[in-house]
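# Structure at a glance
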Amino acid sequence: MTRAEGYSLVLSVGERAAAEVDIAALVQRHATLLFRVAHSVLRNPHEAEDVVQDTFVRVLQHRHDLPAVREKRVWLVRIAWNLAVDRTRRIRPESMDAAFAESLSATLVPADRAMDEAERLRRVLRAVDALPRTERAALLLSAVDEMSTAEVAAVLRKSESAVRAMLFRARGRLKQRLAEMEKKGVPR
């Protein structure tokens, strides 16, 4: 083992094993959440899987920073969120993909109800897509990915009060847009 000014430059076998176990535990604990985060942005399961893999590649690249990270869940979500947003700049997400809406609807209901539910979800997705970018981001992280206001604030690098205000505005606009769609005769 090489030493420079009292610091080891090579991990011992035990330290290496501990680092690998920690990363494996992170994958096991957070992969599903990261998939939901990426999927809520990209609306494509294959692209979302790629983002999850890219997230853990980044973790491996920065594993030396891992012990200093206090909120690992928020740190991982921020990485996945940023990767997903970057990916949307390169590939236009299928914003109104019927398969995405159907994947969100219940599977143990009669076909006619499942179709109605999928159509309602498509309407909601259209309304969500029409929200301003920051409001849409706060709403997706809060509602779809079930993150607390503090976690959303950390991911978006905003204050908690700013996130609460964004969520309030987003929900109001969403309710208004859905009511307008209903008035225009867009099917329920």
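Residues numbered from 1 in each chain as written. Predicted model: local features only at pLDDT ≥ 70, side-chain atom pairs only at ≥ 80, totals over all residues. Heavy atoms only, no water.

For the protein chain, an unreviewed UniProt entry supplies the name RNA polymerase sigma factor and the organism Terriglobus aquaticus. Among the UniProt annotations of the protein chain, the heading Sequence similarities (unreviewed entry) holds the following wording: "Belongs to the sigma-70 factor family. ECF subfamily." (UniProt positions renumbered as here; feature names shortened; annotations may be inferred.)

## Comments concerning unusual backbone geometry
Backbone geometry places arginine 43, a non-glycine residue, at a positive phi of 55°. By the secondary structure assignment, arginine 43 is in the loop between helix 1 (13-42) and helix 2 (45-61). A residue is classified by how much of its surface remains accessible, and arginine 43, at 3% relative accessible area, is buried. Phi angles above zero are rare outside glycine, and arginine 157 is one such case at about 55°. Positionally, arginine 157 belongs in the loop between helix 7 (149-156) and helix 8 (160-183). Under the relative-accessibility criterion, arginine 157 is labelled exposed at 62%. (Helix = DSSP H or I, 4+ residues; strand = E, 2+ residues; numbered from the N terminus. Buried < 20%, exposed > 50% of the residue type's maximum accessible area, 1.4 Å probe, protein only.)

## Regarding the packing of helix 6 (residues 133-144) against helix 8
Relative to each other, helix 6 and helix 8 sit at 95°, their axes nearing to 9 Å. Of the possible angle classes, the one that applies to helix 6 and helix 8 is roughly perpendicular. Judged by residue contacts, Thr134, Glu135, Ala138, Leu139 and Ser142 of helix 6 engage Met166, Leu167, Arg169, Ala170, Arg171, Arg173 and Leu174 from helix 8. Its residues assigned to classes, the contact of helix 6 with helix 8 comprises six nonpolar, two polar and four charged. (Axes fitted to C-alpha atoms, helices over the stretch in contact; angles between N-to-C directions. Parallel < 35°, antiparallel > 145°, perpendicular 65-115°, else oblique. Contact = heavy atoms within 4.5 Å. Nonpolar A, V, L, I, M, F, W, Y, C, P; charged D, E, K, R; others polar.)

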